[in-house]
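This is what each chain is made of:
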Amino acid sequence: MVIYYELYLLINSAIHVLLSRLSQRIMQIKRNNVLFIAGVILLNIYDYLYLNYPLEDIKYLIIFFILKMSFKIKIKDSFKLFIIYYSLNVILGGIYYSTDNKLFLSLIISMLLILYLDGFRVYKIKRNLYYEIKIVDKNKTYNFIGYLDTGNDLAEPKTNIPVVFINKKISFLKNIKIPYYTIDGYNYLNAYLCDNFYIKIDQKWHKRLVYVSTRKTSYECLLNILIFKGENNDFKIT
């Protein structure tokens, strides 16, 4: 049986993309697309060299490195991701040896197509929840990608000015404590009044009056649903 390098590398790449995507969906983690593509290229280079030269079989070590490089996770989560990847690979290998090769190839293509369409659908849904954010503090300008948390309606009680969370420490003036309710009762968080907060909506920049609080979140900026309505948020800039 003749094995063509191009076909071998193409099938290997498809399997790697499929296993990586499935593992990503299981762990619900983010991916760096540029590094992910670079990882696929690196894996192809290794496979080509392994077929032509007497190299050590370190493919899974390279895959672990690629997974760690491609996904924004800690080292302990990288091990979890690799275990999921390896387990899925074993399952896929079992399917391969128990079915006809053409059927296996058709299965890979079908699953990749399903994942692509599903990912595109999720992207279209989430795209409307992300906004460009700009905060001007004295002589500095900070840029963020903000995620609209529709469940976040926290506001300063007296003025009803909404609270926005960012993942970066910025020194603002007028620091106050804003009360919020939890299961254990009322607590307070430190927030800073920001009158130079800008959000890009429909290709136009809008100025908002908000309180900003720093907190570790999965997003650069966690937006407040009240930003899109209310007396304090109805003036624009161009």
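Residues numbered from 1 in each chain as written. Predicted model: local features only at pLDDT ≥ 70, side-chain atom pairs only at ≥ 80, totals over all residues. Heavy atoms only, no water.

So, the overall build of the protein chain
Helix and strand content of the protein chain: 5 helices and 8 strands. N-terminal to C-terminal, the α/β element order of the protein chain is α-α-α-α-α-β-β-β-β-β-β-β-β. Entry remark: accessible area of the protein chain is about 15600 Å², with carbon and sulfur atoms responsible for 59%. (Helix = DSSP H or I, 4+ residues; strand = E, 2+ residues; numbered from the N terminus. Areas by Shrake-Rupley, 256 points an atom, 1.4 Å probe, with all protein chains shown as cover.)

Observations concerning the environment of Ser70
Mapping Ser70 onto the fold places it in helix H3 (residues 59–70). Here the alpha-carbon distance between Ser70 and Val40, two residues 30 residues apart in the chain, equals 9.9 Å. Leave out the neighbours within four places in its chain, and Ser70 touches Lys30, Arg31, Asn32, Leu35 and Phe36. Within the structure, Ser70 has its side chain in polar contact with the backbone oxygen of Ile66 (distance 2.7 Å). (Contact = heavy atoms within 4.5 Å. Polar contact = N/O pair within 3.5 Å; in protein donor to acceptor, adjacent residues only side chain to side chain.)

Things to note about the packing of aromatic side chains
Summed over the entire model, instances satisfying the criterion amount to 10 aromatic pairs. Between Phe36 and Phe71, the ring centres sit 6.4 Å apart and the planes meet at 65°, which makes this aromatic pair edge-to-face. Highlighted residues: Phe36 in helix H2 (residues 33–52) and Phe71 in the loop between H3 and helix H4 (75–98), separated in sequence by 35 residues. Like Phe71, Phe36 is buried. Between Tyr60 and Tyr86, the ring centres sit 5.2 Å apart and the planes meet at 70°, which makes this aromatic pair edge-to-face. You can see Tyr60 sitting in helix H3 and its partner Tyr86 sitting in helix H4, a full 26 residues away along the chain. A relative accessible area of 34% places Tyr60 in the partly exposed class. Owing to a relative accessible area of 39%, Tyr86 belongs among the partly exposed residues under this scheme. Note that Lys134 overlies the ring of Trp205, its terminal NZ or CZ placed 4.7 Å from the centroid. (Phe/Tyr/Trp six-rings, centres within 6.5 Å; stacked < 30°, edge-to-face > 60°. Buried < 20%, exposed > 50% of the residue type's maximum accessible area, 1.4 Å probe, protein only. Lys NZ or Arg CZ within 6 Å of the ring centre and 35° of its normal.)

Here's the deal with H2
If you check H2, its first and last C-alpha atoms are 29 Å apart, about what 20 residues at 1.5 Å a residue would give, namely 28 Å. Of all the residues in H2, the buried ones are Phe36, Gly39, Val40, Leu43, Asn44, Tyr46 and Asp47. The arc that holds the buried residues of H2, viewed along the axis, is 165°, so those residues lie on one side. Looking at where H2 begins, the residue whose side-chain oxygen comes 3.1 Å from the main-chain nitrogen of Val34 is Asn32. (Expected span 1.5 Å × (residues − 1). Arc of directions from axis to C-beta.)

Keep in mind these numbers describe shape, not what the thing actually does.
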